[in-house]
Amino acid sequence: SSVALVLLTFNSCKKETLAEPGVDVISVSSDYKAVIWKYSATWCPPCGTYGFPAFHDAIDNNPNVLVPIHMHPSDAIVDNVTPEQETIKTFFSWSGTPSAGFNADGQDFYPSAGTYQSKIDAARAAHSVAKVGVGITHKVEGNKLTIKTKTVFFQDLSASLNLAVYVVETGVIEDQQMSSGPTMTDAHFGPTFRGSANGAWGTAISTSSVKGTKIDGEYTFTIPSDVRVNDNLKVAAILYRMENGVPVEVVNANLY
């Protein structure tokens, strides 16, 4: 319709855009998104009773401001535990399930909905004005996922920045064990970690960039055999500030 055309034209003028190969146009948002990690397992009863509802409540209560990543050890959902997954697990000191990570600066065991919310609020308050954003496009080609990214600097920024490109699967349904009561049948899991296109902490993209700088990236990801529906794959792009080879801050993130 003519109204829809006007809105699209207005939005594309407000934000840097990137054409997805063969699909559509997306925006590089100047909004800040926090990252929450969930380390859980379908065979873990406390994960069903405590971890599962807290994680999903956090997602439901914070629409469009989160990049949630559900990470599993080997269970009914994940057959292929990648080296990147093990590195991230070690970084957050996850010794058991259910555990959680918040951005790049903390972990918690048996996190409550309130714990998630306080961490999300603190992260967004600390980044009320985003200095940089990232847009993502991707396309399934056989057993490959072709990914393109565009990083845009909204302010001058001197910092060692890495861009990590993680692949997650949405729409995953599986039974979840519970501490009490019957098994949660056909539970809908959050975006499930399937691997990384460029390492556990990504690749360096900048040490100092001025406002207006744009950095393009292109990645290829081999889709693992435990992915259930290739068309349900999405990409989580996380911009880390790095020190001594490890992340110390999530500068911004996106999920598309």
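Before any of the text, the structure's been laid out above.
Residues numbered from 1 in each chain as written. Predicted model: local features only at pLDDT ≥ 70, side-chain atom pairs only at ≥ 80, totals over all residues. Heavy atoms only, no water.

(A) Up close: the state of the cysteines. Inspection of the entire model under this criterion finds one disulfide. Linked covalently through their sulfurs, C44 and C47 form a disulfide whose S-S length is 2.4 Å. Since a negative S-S torsion denotes a left-handed disulfide, the C44-C47 link at about 85 degrees is right-handed. The class of C44 is buried, set by a relative accessible area of 4%. In this structure C47 comes out as buried when scored by relative accessible area, which is 0%. (Disulfide = S-S within 2.5 Å. Buried < 20%, exposed > 50% of the residue type's maximum accessible area, 1.4 Å probe, protein only.)

(B) Structural detail: the environment of V210. With respect to the helices and strands, V210 occurs in the loop between β13 (203–209) and β14 (214–222). Residues V210 and S158, spaced 52 residues apart in sequence, show a C-alpha to C-alpha distance of 8.3 Å. Sequence-distant contacts of V210, defined by excluding residues within four places in its chain, comprise F153, Q155 and D156. (Helix = DSSP H or I, 4+ residues; strand = E, 2+ residues; numbered from the N terminus. Contact = heavy atoms within 4.5 Å.)

(C) Just the pattern of salt bridges, in detail. Counting across every chain of the model gives seven salt bridges. We note a salt bridge from E141 to K139, for which the minimum N-O separation is 3.4 Å. A residue is classified by how much of its surface remains accessible, and E141, at 40% relative accessible area, is partly exposed. The shortest N-O distance in the salt bridge between R194 and E169 comes to 2.9 Å. You can see R194 sitting in strand β12 (residues 192–196) and its partner E169 sitting in strand β9 (residues 157–169), a full 25 residues away along the chain. Assigned by exposure class, R194 and E169 land together as buried. (Salt bridge = Lys/Arg side-chain N within 4 Å of Asp/Glu carboxyl O.)

(D) Seen up close, the nonpolar core. With 36 residues, the main nonpolar core has W37, I69, I88, Y116, Y166, I238 and Y240 as its most contacted residues. Broken down by secondary-structure element, the contributors of at least two residues to this core are β3 (34–39), α2 (45–61), β4 (66–71), β5 (99–102), α4 (113–126), β9, β15 (233–243) and β16 (246–255). Examining the composition of this core, we find that five residues originate from one element, β3, more than from any other. Counting residues in each nonpolar core, the second largest holds 23 residues, with V132, V167, F221 and I223 among its members. (Core = buried A, V, L, I, M, F, W, Y, C linked by side-chain atoms within 4.5 Å.)

(E) Structural view of the pairing of β3. With six of its six residues buried, β3 lies for the most part within the structure. Residues A34, I36 and K38 of β3 are buried on one face, and the alternating residues V35, W37 and Y39, pointing to the opposite face, are buried as well. Direction of pairing for β3 relative to β4: parallel, over a ladder of six bridges. Paired with I36 across the two strands is P68, which belongs to β4. As paired strands, β3 and β5 are joined by four bridges and run antiparallel to one another. The partner of I36 across the bridge, within β5, is F102. (Pairing = 2+ DSSP bridges.)

(F) Here's a closer look at the packing of α2 against α4. Running from N to C, α2 and α4 cross one another at 40 degrees; their axes reach a closest spacing of 8 Å. It follows from the interaxial angle that α2 and α4 lie oblique. Pair α2 / α4 crosses with right-handed handedness. Counted together, A54, F55, D57, A58 and N61 of α2 and A113, Y116, Q117 and I120 of α4 form the full contact between these two elements. The class makeup of the residues in the contact of α2 with α4 is six nonpolar, two polar and one charged. (Axes fitted to C-alpha atoms, helices over the stretch in contact; angles between N-to-C directions. Parallel < 35°, antiparallel > 145°, perpendicular 65-115°, else oblique. Left-handed = near helix turned anticlockwise from the far one by under 90°. Nonpolar A, V, L, I, M, F, W, Y, C, P; charged D, E, K, R; others polar.)

(G) Seen up close, the sheet that holds strand β7 (residues 132–141). Reading across from one edge, β7-β8-β14 is the order of the three strands in this open sheet, with antiparallel pairing throughout. Edge strands, defined here as strands with exactly one partner in the open sheet, are β7 and β14. Going across the sheet, the axis of each strand differs from the next one's by a mean of 15 degrees, ignoring polarity. Pairing of β7 with strand β8 (residues 144–153), which is carried by 10 bridges, proceeds in the antiparallel orientation.

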